[in-house]
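# Breakdown of the fold
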Amino acid sequence: MKSNMAHSISIQSRFRGCLLGLAVGDGLGGRFEGMDRHWIAKRYRTPQQLIENPPTTTLSYTDDTQMMIGVAEALYEDKEIIEKTLCQKFVVNYVPSRGYGRGARRVIEAMEDNKDYHAVACSYFPGGSYGNGAAMRVAPVGLFFLNNLESVSSQAYLSALPTHTHQQGIEGAQILAVAIAIACSMNEWNKSLFYDKLIPHCQSPEFNKQIEKARRITCVEDLIMLGNAITAIESVPTAIASFSLNPHSFTKAVGHVILIGGDTDTIAAMTGALSGAFLGIDAIPQNLLKSIENEGKGRDYIDGLAKNLADMYQST
Ligand code: F2R
Ligand code: MG
Ligand code: MG
């Protein structure tokens with residue numbers, strides 16, 4: 001698709017593209033989580049090389065997709081974020097081997113044991129978690145409330161709170177959800193408009209600075225300047241920047257963030273969600289889409305959730 005070319009992509013295609021784009025980014029990026037970018041760059045010189053020759057035939061997803069499924073299920077049940085339902089979904093879907101953050105594990109285990117999980121969320125890390133776990137799972141909120149960015153932000157806040165009580169952990173989720181809502185409602189790419197709508201939703205000077213920096217970046221070589229870490233402040237802006245540098249290519253947007261190493265599953269999941277919300281399901285390379293694990297709550301289940309949320313969004 002050429003730059004700025006108008007495109008008409010259905011809501012259902014965008015919802016499916018967003019949730020399955022997240023799963024693809026997570027599954028592919030998960031093979032490289034924690035790796036050094038120089039090591040990755042020796043093996044894959046371009047995003048195309050990586051996407052055409054993934055290191056595995058099955059893309060098994062990690063905690064990012066697992067928890068996103070919980071958020072989508074909770075929204076589908078209640079049409080808004082209700083903490084009790086959300087926590088039940090996190091517990092029912094909890095599979096520790098999916099690679100959860102250590103704080104998140106303690107909080108979910110407290111939920112499971114009917115203990116005071118709020119106390120754990122507030123105290124496991126001093127000041128609460130500033131990890132990117134609330135942002136990595138927030139995509140369904142950005143989709144479902146896309147018509148009202150204030151609602152996106154307030155619902156994203158509620159979706160973060162059970163596990164993330166640090167301002168940056170919460171704000172990362174709010175900003176990513178708003179970015180997804182904007183991407184999902186754009187019919188043609190307009191970088192100025194995208195950032196003009198997004199930046200007022202930054203609350204802290206730290207996030208404001210990072211998102212302004214994301215706006216100014218003009219080449220993928222500079223993405224690393226925004227960070228590739230497990231913290232919200234050093235991962236959410238990176239995903240947003242890679243999407244806005246490569247708005248017309250899922251392969252480039254997602255591939256480039258994997259090539260910079262670090263928290264690759266999560267940054268690729270967030271980038272895949274943004275790219276899929278803008279470009280729709282058909283932009284995701286078929287070989288990757290087909291490779292997502294499909295047992296239980298796998299590809300078809302996620303696709304069904306996306307379709308159900310789209311139908312519910314359109315009927316309300
Ligand atoms: N946890 C991982 N990857 C680590 C390797 C997993 C390995 N494969 C395994 O087998 O275990 N990935 C997942 O975690 C990230 C999302 O984390 P979330 O949900 O935010 O969890 P948590 O524990 O709250 O925060 C993550 C880490 O951030 C640091 N941190 C957060 N707040 C902090 C604070 N206030 N002070 C100090 N450190 C803080 C800690 O290191 C936390 O463990 C995603 O990458 C997901 O893929
Ligand atoms: Mg993960
Ligand atoms: Mg991760």
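An account of the accompanying structure is given in this report. (Residues numbered from 1 in each chain as written. Chains lettered and ligands numbered in written order. Predicted model: local features only at pLDDT ≥ 70, side-chain atom pairs only at ≥ 80, totals over all residues. Heavy atoms only, no water.)

### Let's talk about the coordination of the magnesium ion (ligand 2)
Which entries qualify depends on this criterion: Only N, O and S atoms count as donors, using a 2.8 Å limit from the metal and a wider 3.2 Å limit for Na, K and Ca, and since water is excluded some coordination spheres may look unfilled. Exposed residues in this analysis have more than 50% of their type's maximum accessible area, buried residues have under 20%, and partly exposed residues fall in between, with area computed by a 1.4 Å probe over protein chains only.
Protein coordination at the magnesium ion (ligand 2): the donors are Thr62 (OG1), Asp63 (OD), Asp64 (OD) and Asp265 (OD), at 2.0 to 2.3 Å from the metal. Look at where the donors of the magnesium ion (ligand 2) fall in the sequence and you get T-D-D-x200-D. The magnesium ion (ligand 3) is placed at 3.6 Å from the magnesium ion (ligand 2), the two being bridged by aspartate 265. Note on threonine 62: relative accessible area 12%, which makes it buried.

### Looking at the coordination of the magnesium ion (ligand 3)
Within the protein, the atoms that donate to the magnesium ion (ligand 3) are Glu33 (OE), Asp263 (OD), Asp265 (OD) and Thr266 (OG1), at distances of 2.0 to 2.4 Å. All donor residues of the magnesium ion (ligand 3) come from one chain, and their arrangement in sequence is E-x229-D-x1-D-T. A relative accessible area of 2% places threonine 266 in the buried class.

### Digging into the packing of helix H14 (residues 236-245) against helix H15 (residues 250-259)
The test is simple: In this description, a line fitted to the C-alpha atoms serves as the axis of each element, helices being fitted only across the stretch in contact, and the angle between N-to-C directions of two axes falls anywhere from 0 to 180 degrees. Here a strand is any run of E in DSSP of at least two residues, a helix any run of H or I of at least four, and the numbering for each starts at the N terminus. Roughly parallel means an angle under 35 degrees; roughly antiparallel, over 145; roughly perpendicular, 65 to 115; everything else is oblique. Note on convention: near helix rotated counterclockwise from far helix by under a right angle means a left-handed crossing. Clockwise means right-handed. Should any heavy atoms of two residues lie within 4.5 Å, those residues are considered in contact.
At a closest axis distance of 8 Å, the pairing of H14 and H15 adopts a crossing angle of 140°. Between H14 and H15, the angle falls in the class oblique. As for the relative orientation of H14 and H15, their crossing is right-handed in sense. For the pair formed by H14 and H15, the contact residues are Thr238, Ser242 and Phe243 on the first element and Lys252, Ala253, His256 and Val257 on the second.

### Here we look at the site of ligand 1
Where we set the bar: Near residues are defined by distance, with any heavy atom within 4 Å of the molecule or strand qualifying the residue. Two N or O atoms count as a polar contact when they lie within 3.5 Å, although within protein this holds only if one can serve as hydrogen donor and the other as acceptor, and sequence-adjacent residues are included solely when both atoms are side-chain atoms. For accessible areas, the Shrake-Rupley method is used with a probe of radius 1.4 Å. Any residue's cover is judged against the shown protein chains and nothing else. Lys, Arg, Asp and Glu make up the charged group, whereas Ala, Val, Leu, Ile, Met, Phe, Trp, Tyr, Cys and Pro make up the nonpolar group; the residues left over, Gly among them, are polar.
Around ligand 1, the structure places 23 residues, and the nearest of them are Gly103, Ser129, His164, Asp263 and Asp265. Take aspartate 64: an N or O atom from its side chain is 2.9 Å from an oxygen atom of ligand 1. When ligand 1 is considered free in solution it has 920 Å² of accessible area, and contact with the protein chains removes 73% of it. Only helix H4 (63-78), helix H6 (102-112), helix H8 (133-136) and helix H16 (264-279) provide two or more residues apiece to the shell around ligand 1. The leading source of residues in the shell around ligand 1 is H6, at three residues. Within the shell around ligand 1, the residues separate by chemical class into seven nonpolar, 10 polar and six charged.

### Some points on the environment of serine 275
In this structure, serine 275 sits in helix H16. We classify serine 275 as buried; its relative accessible area is 0%. Expressed as a C-alpha distance, the spacing of serine 275 and glutamate 206, which sit 69 residues apart in the sequence, is 25 Å. Sequence-distant contacts of serine 275, defined by excluding residues within four places in its chain, comprise Phe243, Ser249, Phe250 and Gly280.

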